[in-house]
Amino acid sequence: MSIPRALTIAGSAAQGSAGIQADLKTFQELDVYGMSAVTAIVANNSTTEQGIFTQPVQAIEAQIHASFEHVEPQALKTGMLFTEEIIDRTSELISYYGIKNVVVDPVMIGKMGSQLLLDEAIEALTKHLLPTATIITPNLEEAARLLNVSTPDSPSAMEKAARELHETGAQYVLVKGGSLKDYPAIDILYDGEEMIYLQSERFPTIHTSGAGCTYSAAITAELAKGKPVEEAVRTAKAFVTTAIKYALNFNRGIGSTYHAAYRKYHK
Ligand SMILES: Nc1ncnc2c1ncn2[C@@H]1O[C@H](COP(=O)(O)OP(=O)(O)O)[C@@H](O)[C@H]1O
Ligand SMILES: Cc1ncc(COP(=O)(O)OP(=O)(O)O)c(N)n1
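Residues numbered from 1 in each chain as written. Chains lettered and ligands numbered in written order. Predicted model: local features only at pLDDT ≥ 70, side-chain atom pairs only at ≥ 80, totals over all residues. Heavy atoms only, no water.

(A) Spatial organisation of the site of ligand 2. Near ligand 2, the surroundings consist of 17 residues, among which G110, K111, G210, G212 and C213 are the closest. In this structure, an oxygen atom belonging to ligand 2 sits 2.4 Å away from a main-chain N or O atom of K111. In this structure, an oxygen atom belonging to ligand 2 sits 3.1 Å away from a main-chain N or O atom of G212. For the shell around ligand 2, the secondary structure elements donating two or more residues are β1 (5-13) and α7 (211-224). For the shell around ligand 2, a count of residues per class yields eight nonpolar, eight polar and one charged. (Near = heavy atom within 4 Å. Polar contact = N/O pair within 3.5 Å; in protein donor to acceptor, adjacent residues only side chain to side chain. Helix = DSSP H or I, 4+ residues; strand = E, 2+ residues; numbered from the N terminus. Nonpolar A, V, L, I, M, F, W, Y, C, P; charged D, E, K, R; others polar.)

Right, here's the structure in full:
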């Protein structure tokens, strides 16, 4: 028996809501075989700060080789990459293996407050990784930092950011409007020609940790199945919306999106 296979190159979020934990849970929920290359171990959450431990570049490379040479993913995503060196080596290996479906989530600062990308690494992300991407999935703050402009504060500002980010060489840009509090949960997908709006009700919850990772992992899973980009994003939007609707509250700080919710409750 054979099933679609996907790789995440990302950080480990010990508290379980984000990073490779969110990615692998999402792959599993969407019936995709998940693999991981761990770039860093993050032991912070919204109530404690115990540290960020990056992995040596050789260890990250070895994991990527192991994934490609043994099982070979049909799609991959990147999440927390933290340093310029990790970004550059990851970009080189994406080109070396010639993989077609590449989802870049330009993770910078987690909702729990951890800095997950060094400021001096933003340029490498823009110049070396984004041009390899089938789709990039910045939130509003990340879009602003990538473009060195102020944070988009309306759908028309999101459209402008999407247009400018498309110039980096990514085939599709998905600007996520989760932090646009006065609007429904609007995201904009741009392919260089058309602006496609994806919208859902905004749920009154703070427990959305890992929403971005879950969303980009669901897109990756659908691309691994061979789905076209717009269809993959629409399924992923439904997946993350349901995961937020049924978010988990652990009664301490910010809780998690619920990765099993789509399977259990989505009609
Ligand atoms: N309160 C909410 N209710 C419904 N959807 C939301 C809510 N907050 C965020 N989203 C959606 O979750 C997804 C992730 O968005 P966002 O939170 O902006 O990303 P990130 O986790 O990277 O900061 C997007 O589809 C966004 O529209
Ligand atoms: C290890 C690790 N990677 C990424 C994130 C950020 O996750 P994301 O889903 O983009 O955003 P939050 O909703 O969690 O802020 C993380 N926290 N940890």
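(B) Up close: the packing of aromatic side chains. Under the definition given, this model contains four aromatic pairs. Where Y96 meets Y97, the ring centres are 4.8 Å apart and the plane angle is 80 degrees; that geometry is what we call edge-to-face. Counting every residue linked through ring pairs, the aromatic cluster contains F68, Y96 and Y97. (Phe/Tyr/Trp six-rings, centres within 6.5 Å; stacked < 30°, edge-to-face > 60°.)

(C) View of the nonpolar core. Of all hydrophobic cores here, the largest spans 43 residues; its most connected members are L76, I87, L125 and I136. Judged by nonpolar contacts, the second largest core, of 28 residues, contains F27, V32, L174 and A218. (Core = buried A, V, L, I, M, F, W, Y, C linked by side-chain atoms within 4.5 Å. Buried < 20%, exposed > 50% of the residue type's maximum accessible area, 1.4 Å probe, protein only.)

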